[in-house]
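Here's the letter readout for the chains.
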Amino acid sequence: DIQMTQSPSSVSASVGDRVTITCRASQDISHWLAWYQQKPGKAPKLLIYSASSLQRGVPSRFSGSGSGTDFTLTINSLQPEDFATYYCQQADSFPKTFGGGTKVDIK
Amino acid sequence: EVQVVQSGAEVKKPGESLKISCKGSGYSFISYWIGWVRQKPGNGLEWMGMIYPGDSDTKFSPSFQDHVTFSADKSTSTASLQWSSLKASDTAIYYCARMSYDGNYLDSWGQGTLVTVSA
């Protein structure tokens, strides 16, 4: 199985901050990567697919980059509704493994 | 509008069987994979596998292959996840989601079904 490692596991930030989360794959996954947001008690929501494509309806302050083994999710100008846990997921091969998650909370 | 609606919470005893459901609407149910994801209390997301309702082709994570069954009923646009003998360690929230047309990403999620297994 491909292992997905996210860092940091948690980050404290303020409204208006820029937050960067990284995800590293244990082998080359090209651009086959997604990012999801999960708020407490809710189902996850797809934010970014194919490493850098913004899902319809997702605010443009979210962006994704990277290819191969190293990927980044950036949230520009953090908003109150962005405090949540973020997961990466590889879609290169089965099983389509998730990273361990990064919790973004209020500083 | 695409909607994915899951069945309600369940409380079962170890050794009992269970089938939970996931109904898709607002799109061609037979043309998109349905993925299943487990989330144990306080933990992250685990990809279990997926089923293609058009022909019931399935793909499993090795971690789940011998313990659960996926099925799909085209006539009711409903996918299901089934256990024949539950364990306490199956206690979790189970999410289903429609996958993107290329079968790679989970783009429309159900609300989740909490399964509690306790003696």
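*Asks:* Mind showing me how you'd approach the overall build of chain A here?
*Replies:* Scanning chain A from terminus to terminus reveals zero helices and ten strands. Order of helices (α) and strands (β) in chain A, N terminus to C terminus: β-β-β-β-β-β-β-β-β-β. Relative to a compact globule of 107 residues, whose C-alpha radius of gyration would be 13 Å, chain A shows 13 Å and is just as compact. When the backbone C-alpha atoms are referred to their principal axes, chain A occupies close to 35 × 25 × 25 Å.

*Asks:* Explain the overall build of chain B here, please?
*Replies:* Within chain B, the secondary structure is distributed over zero helices and eleven strands. Put simply, chain B runs from its N terminus to its C terminus through helices and strands in the order β-β-β-β-β-β-β-β-β-β-β. Across its three principal axes, chain B shows a C-alpha extent of roughly 40 × 30 × 25 Å. Residue burial in chain B is summarised as follows: out of 119 residues, 49% are buried. Within chain B, contacts between residues separated by at least 24 positions form 53% of all contacts whose residues are at least 6 apart in sequence. Positive and negative side-chain charges of chain B, numbering 10 and 11 respectively, have mean locations separated by a distance of 5 Å.

*Asks:* Help me understand the environment of Asp-73 of chain B, please; the structure alone is not making it clear to me.
*Replies:* All names here are of chain B. Position of Asp-73 relative to the elements: it lies in strand β7 (residues 69–73). Taking the relative accessible area as the measure of exposure, Asp-73 reaches 35% and is therefore partly exposed. With 46 residues separating them in the primary sequence, Asp-73 and Ala-119 have C-alpha atoms 32 Å apart. Sequence-distant contacts of Asp-73, that is, excluding residues within four places in its chain, are made with Phe-29 and Thr-78.

*Asks:* How should the layout of surface pockets be read in this particular structure?
*Replies:* Where empty space is left in the structure can be found by rolling a water-sized probe over the atoms. By volume, the largest pocket amounts to about 540 Å³. Lining the largest pocket are 19 residues, and of these Gln-55 and Arg-56 of chain A together with Arg-98, Asp-107 and Ser-108 of chain B lie nearest its centre. If you list the elements that add at least two residues to the lining of the largest pocket, you get β5 (45–49) of chain A together with β1 (3–6) and β10 (106–109) of chain B. Class assignment of the residues belonging to the lining of the largest pocket gives a composition of nine nonpolar, four polar and six charged. Volume-wise, the second largest pocket comes out at about 430 Å³. Lining the second largest pocket we find 24 residues, and of these Gln-38, Pro-40, Thr-85 and Tyr-87 of chain A together with Gln-39 of chain B sit closest to its centre. Those elements that place two or more of their residues in the lining of the second largest pocket are β9 (85–90) and β10 (102–106) of chain A together with β9 (92–99) of chain B. Among the residues forming the lining of the second largest pocket, the class breakdown is ten nonpolar, ten polar and four charged.

*Asks:* I keep staring at the pattern of salt bridges and nothing clicks. Help me out?
*Replies:* Close approach of charged atoms allows side chains of opposite charge to pair. Applying the stated criterion across every chain, the model contains six salt bridges over all chains. In this structure, the salt-bridge partner of Asp-70 of chain A is Arg-24 of chain A, at a minimum N-O distance of 2.5 Å. Residue Asp-70 of chain A is found in strand β8 (residues 70–75), and its partner Arg-24 of chain A is found in strand β3 (residues 19–25); the two are separated by 46 residues along the sequence. A relative accessible area of 52% places Arg-24 of chain A in the exposed class. A salt bridge links Glu-46 of chain B to Arg-38 of chain B; its shortest N-O distance comes to 2.9 Å. Relative accessible area serves as the criterion here: at 11%, Arg-38 of chain B is assigned to the buried category.

*Asks:* Please explain the sheet that holds β9 of chain A as it appears in this structure.
*Replies:* Within a sheet, each strand pairs with its neighbour through backbone hydrogen bonds, oriented either parallel or antiparallel. Residue and element names in this part refer to chain A. If you walk across this open sheet you meet the six strands as β2-β10-β9-β4-β5-β6, and the pairing is mixed. One side of each edge strand has no neighbouring strand; the edge strands of this open sheet are β2 (10–13) and β6 (53–54). Taken together, the two bridges between β5 and β6 define a ladder with antiparallel strand orientation. Counted as the bridge partner of Ile-48 is Leu-54 from β6.

*Asks:* Honestly, the interface of chain B and chain A in this entry has me stumped. Any pointers?
*Replies:* Interfaces are often described in size by the accessible area the parts lose on coming together. Taken together, the contact pairs 21 residues of chain B with 21 residues of chain A. Seen at the junction of chain B and chain A, the total is zero salt bridges. Here chain B is connected to chain A by six residue pairs in polar contact (both at pLDDT 80 or more). Among the elements that take part in the side of chain B that touches chain A, strand β5 (residues 45–52) of chain B stands out by supplying four residues, more than any other.

Each value, and the rule that gives it
Residues numbered from 1 in each chain as written. Chains lettered and ligands numbered in written order. Predicted model: local features only at pLDDT ≥ 70, side-chain atom pairs only at ≥ 80, totals over all residues. Heavy atoms only, no water. Helix = DSSP H or I, 4+ residues; strand = E, 2+ residues; numbered from the N terminus. Rg over C-alpha atoms; globule rule 2.2 N^0.38 Å. Buried < 20%, exposed > 50% of the residue type's maximum accessible area, 1.4 Å probe, protein only. Contact = heavy atoms within 4.5 Å. Lys, Arg positive; Asp, Glu negative; His and termini not counted. Charge placed at Lys NZ, Arg CZ, Asp CG, Glu CD. 1 Å grid on protein atoms, 1.4 Å probe; cavity = no way out; pocket = protein on both sides within 12 Å on 5 of 7 lines; lining within 4 Å. Points joined across faces, edges and corners; volume = space filled by probe spheres on them. Nonpolar A, V, L, I, M, F, W, Y, C, P; charged D, E, K, R; others polar. Salt bridge = Lys/Arg side-chain N within 4 Å of Asp/Glu carboxyl O. Pairing = 2+ DSSP bridges. Polar contact = N/O pair within 3.5 Å; in protein donor to acceptor, adjacent residues only side chain to side chain.

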